[in-house]
Amino acid sequence: GTLAEPFTVRTLEGEFSYEPGALRGPLIIHTYTNRSGFLECLWTSEASLRSLVEDLPSSTQLLFLSLDDSALSDVTWMREQVQRVAGAHSKEEVLTRLHFVPVPVFSLGNWIPFVLYSWSCVSRSCGLAQAVFTSDEWKMPIISKRLNARYDWLKTQWSRKSCQLVEAGDGCGPAPPSVAGAVAWVSEGNCSFFTKVQNMATSKASGVLVYTLAGSIQEMNCVEDECNTTLEIPASMVHPEPSVVQALQSGHLVYVSFQNTPSPNTFFAIHQQGVLAEMGLFLYPSFSFVNWQAQWFDFYADLQARLQSPAKVVPVFDKAKMQGKNGAVATVDMPQGLSDFTVLQLDASLMCPGRRDLSCAHWDRTVQLFVCCDPLGPYCNVELGRWITAFRRGTGRWLMDVSPLLPLLDGQKCTLTMRTDPWSMLWLVSLNLRFSVHDPKSDGGEVLRPFRVMPLYSGGTFDRNYNKRLEPVRFSVPAPAQKVELYAVITAHGSDDRSCGEFCVTSHHFLLNGVFNNTLMFDSAGSPLGCTTQVKEGAVPNEYGTWLYGRGGWCDGLQVDPWRVDVTKQLNMSEPNSIIYFGLFEGRDPNPSKDPGYIIMSSFLVFYK
């Protein structure tokens, strides 16, 4: 990435200076313009402002700018908004890390405007979404800022064609017949946004424009059970332009179309390493997206520190192309004295073909790493690691401990293959194997090393026959073993009539000796913000897709951590044992009526001595 140069700007409090290495955390730069309905809502929503003052990481500084001539009044108002909310919630400390610049962006006299303009965009959070009103009564169109309804309950987008605008009251009751095929013009209030849009959809309107009565543009969202119903028309909120209101009241024909005008970027950052960084997509107007990106910067800084710990590093891929059925393939020499190591970590990263997120692959895909050290041995082409790609962001890097799988490296040379779906867009992958030794002091005693792994089950189609295909595995514990561990990597994918397996709660059970039920449950699957809790663990935030939702054992832009259970006390160390796996949906066998999902699983028993 590009290193940020030093700069100094005047603020309402005095001066703010950036010097590389002087800040202990990231600096996030935000530019405001009153031409954006999205930013108006971001700065007037109490929930958004409260998120800023309560959840901004303590390492993070924010610099607030304005794109307009009204910079002084803009940032003064912004500071007042934050001061009011911080005072109400006893969070005044955050104010010391917020800096407000009264000079317009075009008068800064430094490199910041270049980044804002060269990183221009038309995404939901930084382009200018607009409604264009026309009438034979006017010489010029009237262009008004708009805010589209929340993406997850109204997924239909406005077309660019012009439609008649028809008055429909408050939208809380039946609409006039003239609404059919037109855009309904309704006032806010008296019923939920969902009710308004549902009523207009029933009346066959092509879309809904809700206008404010006195306050600011709000985010239009569904509430609780409303969100279970999908509505198929678009909706937005605007301010009531006087000429539009007057024309409709006078019986004149008014038409409306919709456009998105590119604007300078409204957010970018300088992270702890002094490199310019994008902030991704804000799916709705909330400072939570600032906080999540700041959390990831903290994660990444901590990761860089952890990578400085002593290890024997074996490079495998360095920005290798991963695409097609073969993926990225490399054969590498294993380190001398391999049996002396007790720790194996995978240092993996994904990058995009270009420097900007816009060059990244659009969809989330499963990435798997397979290893083969002895083509004739029992462990050839066994999965060593798994990750999920981000939606159109290229910042992911992860460090994953797969030490129990050290026995898979059973040769002098090993071939490693990293691949995803063959039709996926190009990713550039980097991978290092990091070998080291456990510290007995930190591990509380004797260090054991895995010497054998026994493959168990591998998942499949999650339908009514899923568990019927499975048989118990009978085994004896090898004589040298002092510890036995259950090791599994399980992810649920697809979407049947009950959103299984990606978005439904499934449980995965390994029953040992008919008595001990070891259970892994994906209880956050389908939750609205389930994967936001994983940003501190490395999940890439602010992706160009529905990355926030909890999923079945995985998150977009994150490694899939192994599930490990010490089962030594559940076994007969000198007699035969049995293990059986089964997977359940809501405590029962899966039984979808159509489009069954599927489970990807690698599972082992690992024996230590």
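A quick note: this is a predicted structure, and the numbers were derived from the prediction, not measured.

## Some remarks on the UniProt feature "domain: Peptide-N-glycosidase F N-terminal" (unreviewed entry) in the protein chain
Logical step 1: Annotation from UniProt places "domain: Peptide-N-glycosidase F N-terminal" (unreviewed entry) at residues 313-435.
Logical step 2: Along residues 313-435, the helical share is 0% and the strand share 49%, with 6 Å between the first and last C-alpha atoms.

## Observations concerning the sheet that holds strand E22 (residues 427-436)
Logical step 1: Taken together, the four strands give an open sheet; going across it, the order is E15-E22-E17-E20, and neighbouring strands pair in antiparallel fashion. Of all strands in the sheet, those with a lone pairing partner are strand E15 (312-322) and strand E20 (397-401), marking the two edges. For this sheet the average axis-to-axis angle between neighbouring strands, irrespective of direction, equals 15 degrees.
Logical step 2: Here E15 runs beside E22; their pairing, made up of eight bridges, is antiparallel. When the sheet's bridge partners are listed, Ala320 is paired in E22 with Val429.
Logical step 3: Running at roughly 55 degrees to E20, helix H7 (residues 288-306) makes contact with E20 and E22 of the sheet.

## Describing the packing of aromatic side chains
Logical step 1: Applying the stated criterion to the full structure yields 30 aromatic pairs.
Logical step 2: With a centroid separation of 5.3 Å and an interplanar angle of 80 degrees, the aromatic rings of Trp43 and Phe64 are classed as edge-to-face. You can see Trp43 sitting in helix H1 (residues 37-44) and its partner Phe64 sitting in strand E4 (residues 61-66), a full 21 residues away along the chain. One exposure class covers both Trp43 and Phe64, and it is buried.
Logical step 3: With a centroid separation of 5.9 Å and 35 degrees between ring planes, the pair formed by Tyr457 and Tyr581 is classed as tilted. Here Tyr457 is found in the loop between strand E23 (450-455) and strand E24 (459-462), whereas its partner Tyr581 is found in strand E31 (residues 577-585), with 124 residues between them in sequence.

## Some words on the environment of Val343
Logical step 1: Following the sequence through the fold, Val343 ends up in strand E17 (residues 343-351).
Logical step 2: The exposure class assigned to Val343 is buried, which follows from its relative accessible area of 7%.
Logical step 3: Put simply, Val343 and Val437 are 94 residues apart on the chain and 5.5 Å apart in space, counted from C-alpha to C-alpha.
Logical step 4: Residues within four places of Val343 in sequence aside, it is in contact with Ser403, Leu406, Arg434, Phe435, Ser436, Val437 and His438.

## What about helix H3 (residues 71-88)?
Logical step 1: For H3, spanning 18 residues, the distance from its first C-alpha to its last is 26 Å, which sits close to the expected 26 Å at 1.5 Å a residue.
Logical step 2: Along H3, the residues that are buried comprise Ala71, Asp74, Val75, Met78, Gln81, Val82, Val85 and Ala86. When H3 is viewed along its axis, its buried side chains cluster within an angular range of 125 degrees and face the same direction. Those residues of H3 that are exposed and angled more than 90 degrees off the buried face are Leu72 and Ala88.
Logical step 3: Where H3 is buried, its residues touch strand E3 (27-32), H1, helix H2 (46-55), E4 and strand E5 (98-100).

## Quick look at the environment of Phe341
Logical step 1: With respect to the element layout, Phe341 can be found in the loop between strand E16 (328-333) and E17.
Logical step 2: In the structure, Phe341 is positioned 30 residues away from Ala311 in sequence and 9.7 Å away in space, judged by C-alpha atoms.
Logical step 3: In contact with Phe341, other than residues within four places in its own chain, are Lys312, Pro335, Gln336, Leu406, Phe435, Ser436, Val437 and Arg449.

## Some remarks on the state of the cysteines
Logical step 1: The full count for this structure, using the stated rule, is seven disulfides.
Logical step 2: Sulfur-sulfur distance for the disulfide between Cys500 and Cys504 comes to 1.9 Å. Across the disulfide from Cys500 to Cys504, rotation about the S-S bond amounts to roughly 110 degrees, and the bridge is consequently right-handed.
Logical step 3: Here Cys500 falls in the buried class, since its relative accessible area comes to 1%.
Logical step 4: For Cys531, the disulfide goes to Cys555, at an S-S distance of 2.1 Å. For the disulfide bridge between Cys531 and Cys555, the dihedral angle about the S-S bond is near -90 degrees, and by the sign convention the bridge is left-handed. Here Cys531 is found in the loop between strand E28 (516-521) and strand E29 (558-559), whereas its partner Cys555 is found in the loop between E28 and E29, with 24 residues between them in sequence.
Logical step 5: A residue is classified by how much of its surface remains accessible, and Cys555, at 7% relative accessible area, is buried.
Logical step 6: Take Cys41: it sits in no disulfide, and the sulfur closest to it among the cysteines is that of Cys222, at 15 Å.

## Here's the deal with the side chain of Asp496
Logical step 1: Tracing the sequence through the fold places Asp496 in the loop between strand E26 (483-493) and strand E27 (506-512).
Logical step 2: The buried charged residue Asp496 lacks any salt bridge partner; its closest oppositely charged side chain belongs to Arg498, at an N-O distance of 6.5 Å.
Logical step 3: Setting aside chain neighbours within four positions, we find Asp496 in contact with Pro592, Lys594, Asp595, Pro596 and Gly597.

## Some thoughts on the sheet that holds strand E10 (residues 207-211)
Logical step 1: If you walk around this closed barrel you meet the seven strands as E6-E7-E11-E10-E9-E8-E12, and the pairing is mixed. Neighbour-to-neighbour, the strand axes of this sheet turn through a mean angle of 40 degrees, independent of strand direction.
Logical step 2: Looking at chain direction, strand E9 (residues 183-187) and E10 are connected through five bridges and run parallel. Looking at E10, one finds that Val186 is bridged to Val210.
Logical step 3: Packed on one face of the sheet, helix H6 (residues 242-249) meets strand E6 (128-134), strand E7 (142-148), strand E8 (163-167) and E9 and runs near 105 degrees to E9.

Thresholds applied
- Throughout, residues of each chain are indexed from 1 in the direction in which the sequence is written.
- In keeping with the predicted nature of the model, local features appear solely for residues at pLDDT of at least 70, side-chain atom pairs appear and are counted solely at 80 or more, and the whole-chain, interface and lining totals rest on all residues.
- Note that water and hydrogens are dropped before the side-chain values are worked out from all heavy atoms of the structure.
- UniProt positions are given in the numbering used here, feature names are shortened, and annotations may be inferred rather than shown by experiment.
- Strands here are runs of E lasting at least two residues and helices are runs of H or I lasting at least four, both read from the DSSP assignment and numbered beginning at the N terminus.
- We call two strands paired when DSSP finds no fewer than two bridges between them.
- Angles run from 0 to 180 degrees between N-to-C directions of axes, and those axes are lines fitted to C-alpha atoms, restricted for helices to the stretch in contact.
- The criterion used for residue contact is that any of the two residues' heavy atoms lie within 4.5 Å.
- Aromatic pairs are defined between Phe, Tyr and Trp rings, using the six-membered ring for Trp, whenever the two ring centres lie within 6.5 Å; interplanar angles under 30 degrees are classed as stacked, those over 60 as edge-to-face, and all others as tilted.
- Relative accessibility under 20% of the residue-type maximum defines a buried residue, over 50% an exposed one, and the middle range a partly exposed one, all with a 1.4 Å probe and only protein chains included.
- Here the expected length of a helix is defined as 1.5 Å per residue gap, with one fewer gap than residues.
- Read the arc as the range of directions from the helix axis to the C-beta atoms.
- Only a pair of cysteine sulfur atoms within 2.5 Å qualifies as a disulfide here.
- Counted as positive: Lys and Arg. Counted as negative: Asp and Glu. His and the chain ends are not counted at all.
- Any Lys or Arg side-chain nitrogen located within 4 Å of an Asp or Glu carboxyl oxygen qualifies as a salt bridge.

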